Amino acid sequence: MAENIIDVLYSRQPGLSATERKIAAVILADPGKTVNMTISELAQAAAVSDASVSRFCRTLGLAGFHELKIELAKVAEDKDSYYRRVDPNDLEKSLQGIAQNKVAEITGTLSRTPATTVRRILQALQTASMVQVIAAGGTFPVAADAVYKFNQLGILAVANQSWETAIGQTMNLPKQAVMLVISNSGETRNLLKQMAVAKDQGVPVIAITNRADSPIGLQADLHLITAVRQQILQSEYFFSRVAAMSAVEALFLLLLAQNKPYLDHIKQHEALVAATKL
């Protein structure tokens, strides 16, 4: 398994059964402790059967419990990989935990995608005649941020929160256009349909998701994988935009560093909007 097992556990959370989420919660609470457990001890701690633990390992693509322990041993000493739950009775501890979660999200996101893939993504964006950024629901603010940043650089970019309007835009993408799809789960049906329209027109697709094996990630031409560490309660996970926005910010900064005219374009934009500020 090439991926960090902690990243795998977090990214697979939405698709896990209730029983599997119990097992994941025990592991993520203290991976180092799990390394020293027997399969029966883990099952007991999660209040599930031994067979459920074995099935859980197979769900993660592992041969069995022994391989799970090997993967956990690789990261057991990295305390920043573990989640910190929010405790409403201890605000100071909660704020520290949230800060640690966000640092882990950013660090994990910026280290998960190979440099060769990032280089190809940058090349695609630099040579695109236009970039359409698509997202759904709570992820759309990330798409809007990407559109703002790309246009500041001088890369024409569009997005629309209405899927009906957005897919109409996809149907009219010009030659050499690029699609950037941003999805936390990587399995939104409308986005997959929109990607198919783009591909039929020969438009390359770049995806930003937090699952290497997500349907959107697998169908994209290039895939940037984020890391998520947002957990509130024992078994409740909530969407976090920080990882996806960090990925967009990284692309923005790398593009800016590679091309001086981009900086000139930003200065021109800032000069034009300066009159609107007090």
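This is a predicted model, so every value here is computed, not measured.

Scoring rules and cut-offs
- In this convention, every chain numbers its residues from 1, walking through the sequence in written order.
- Reporting of local features is limited, given that this is a predicted model, to residues whose pLDDT is at least 70; pairs of side-chain atoms are given and counted only at 80 or more, and all residues count toward the totals for whole chains, interfaces and linings.
- With hydrogens and water excluded, all non-hydrogen atoms of the structure serve as input to the side-chain values.
- Helix axes use the C-alpha atoms of the stretch in contact, all axes being lines fitted to C-alpha atoms, and the angles between their N-to-C directions lie in the range 0 to 180 degrees.
- Here a strand is any run of E in DSSP of at least two residues, a helix any run of H or I of at least four, and the numbering for each starts at the N terminus.
- To sort the angles, those under 35 degrees are grouped as roughly parallel, those over 145 as roughly antiparallel, those from 65 to 115 as roughly perpendicular, and the leftovers as oblique.
- We call two residues contacting when some pair of their heavy atoms lies within 4.5 Å.
- Each residue is assigned to one of three groups, with Ala, Val, Leu, Ile, Met, Phe, Trp, Tyr, Cys and Pro labelled nonpolar, Asp, Glu, Lys and Arg labelled charged, and all others, Gly among them, labelled polar.
- A strand pair is defined by DSSP finding two or more bridges across the two strands.
- Identification of polar contacts relies on pairs of N or O atoms within 3.5 Å, with a donor-acceptor requirement for protein atoms, meaning one able to donate a hydrogen and the other able to accept it, and with residues adjacent in sequence counted only if both atoms are side-chain atoms.
- In this scheme, a residue with accessible area under 20% of its type's maximum is buried, one over 50% is exposed, and one in between is partly exposed, where area comes from a 1.4 Å probe on protein chains only.
- We call a set of buried residues a nonpolar core when its members are Ala, Val, Leu, Ile, Met, Phe, Trp, Tyr or Cys and they connect through side-chain atoms within 4.5 Å of each other.
- Planes of paired rings set the category: under 30 degrees apart is stacked, over 60 is edge-to-face and the rest tilted, where pairs are Phe, Tyr or Trp rings (Trp by its six-membered ring) whose centres lie within 6.5 Å.
- Geometrically, a lysine NZ or arginine CZ counts as sitting over a ring once it is within 6 Å of the ring centre and also within 35 degrees of the ring normal.

Things to note about the packing of helix α9 (residues 140–153) against helix α13 (residues 242–258)
Phase 1: With their axes 10 Å apart at the nearest point, α9 and α13 run at an angle of 5° to one another. With respect to α13, the element α9 is oriented roughly parallel. Where α9 approaches α13, its residues P141, V142, D145, A146, K149, F150, Q152 and L153 are matched on the opposing element by A244, M245, V248, E249, F252, L255 and L256.
Phase 2: Partitioned by chemical class, the residues of the contact of α9 with α13 number 11 nonpolar, 1 polar and 3 charged.

With respect to the sheet that holds strand β5 (residues 222–225)
Phase 1: With respect to topology, 5 strands assemble into an open sheet ordered β2-β1-β3-β4-β5, the strand pairing being parallel. Of all strands in the sheet, those with a lone pairing partner are β2 (157–158) and β5, marking the two edges.
Phase 2: Inspection of the sheet shows strand β1 (residues 130–134) paired to strand β3 (residues 177–182) by 5 bridges, in the parallel sense. Its bridge partner lying in β3, Q132 is registered against M179.
Phase 3: Sheet strands touched by helix α8 (residues 115–127): β1, β3, β4 (205–209) and β5. Its angle to β5, the strand with the most contacts, is close to 120°.

So, the side chain of S183
Phase 1: Mapping S183 onto the fold places it in the loop between β3 and α11 (189–200).
Phase 2: Within the local environment of S183, its side chain forms a polar contact with the backbone nitrogen of G186, the two atoms lying 2.8 Å apart.

Observations concerning the pairing of β5
Phase 1: Side chains L222 and L224 of β5 all project onto a buried face; the interleaved residues H223 and I225 project onto the opposite face, where all are buried too.
Phase 2: With 4 bridges connecting them, β4 and β5 associate as parallel partners. Note that in β5 the partner of I206 across the bridge is L222.

Considerations on the nonpolar core
When a protein is soluble and globular, its nonpolar side chains tend to lie buried together.
Phase 1: Core analysis: the largest hydrophobic core is formed by 33 residues, its most contacted members being V131, V133, F150 and I182.
Phase 2: Those elements giving two or more residues to this core turn out to be α8, β1, α9, β3, β4, β5, α13 and α14 (260–273).
Phase 3: Here the element with the most residues in this core is α9; it accounts for 7 residues.
Phase 4: Within the second largest apolar cluster, 27 residues are counted, among which are Y10, I27, L42 and C57.

Brief notes about the packing of aromatic side chains
Phase 1: Within this structure, the stated rule accounts for 0 aromatic pairs.
Phase 2: In this structure, K149 is placed above the aromatic ring of F252, and the distance from its NZ or CZ to the ring centre is 5.9 Å.

Description of unusual backbone geometry
Phase 1: For A47, which is not glycine, the phi torsion reads 60° and is therefore positive.
Phase 2: On the secondary structure map, A47 appears in the loop between α4 (39–46) and α5 (50–59).
Phase 3: Here A47 falls in the exposed class, since its relative accessible area comes to 59%.
Phase 4: Positive phi, close to 65°, is recorded for Q176, a residue that is not glycine.
Phase 5: Under the relative-accessibility criterion, Q176 is labelled exposed at 58%.

What about the side chain of R112?
Phase 1: Along the chain, R112 turns up in helix α7 (residues 91–112).
Phase 2: Residue classification places R112 among the buried positions, given a relative accessible area of 16%.
Phase 3: Among the polar contacts made by the side chain of R112, one reaches the main-chain carbonyl oxygen of T226 at a distance of 2.4 Å.

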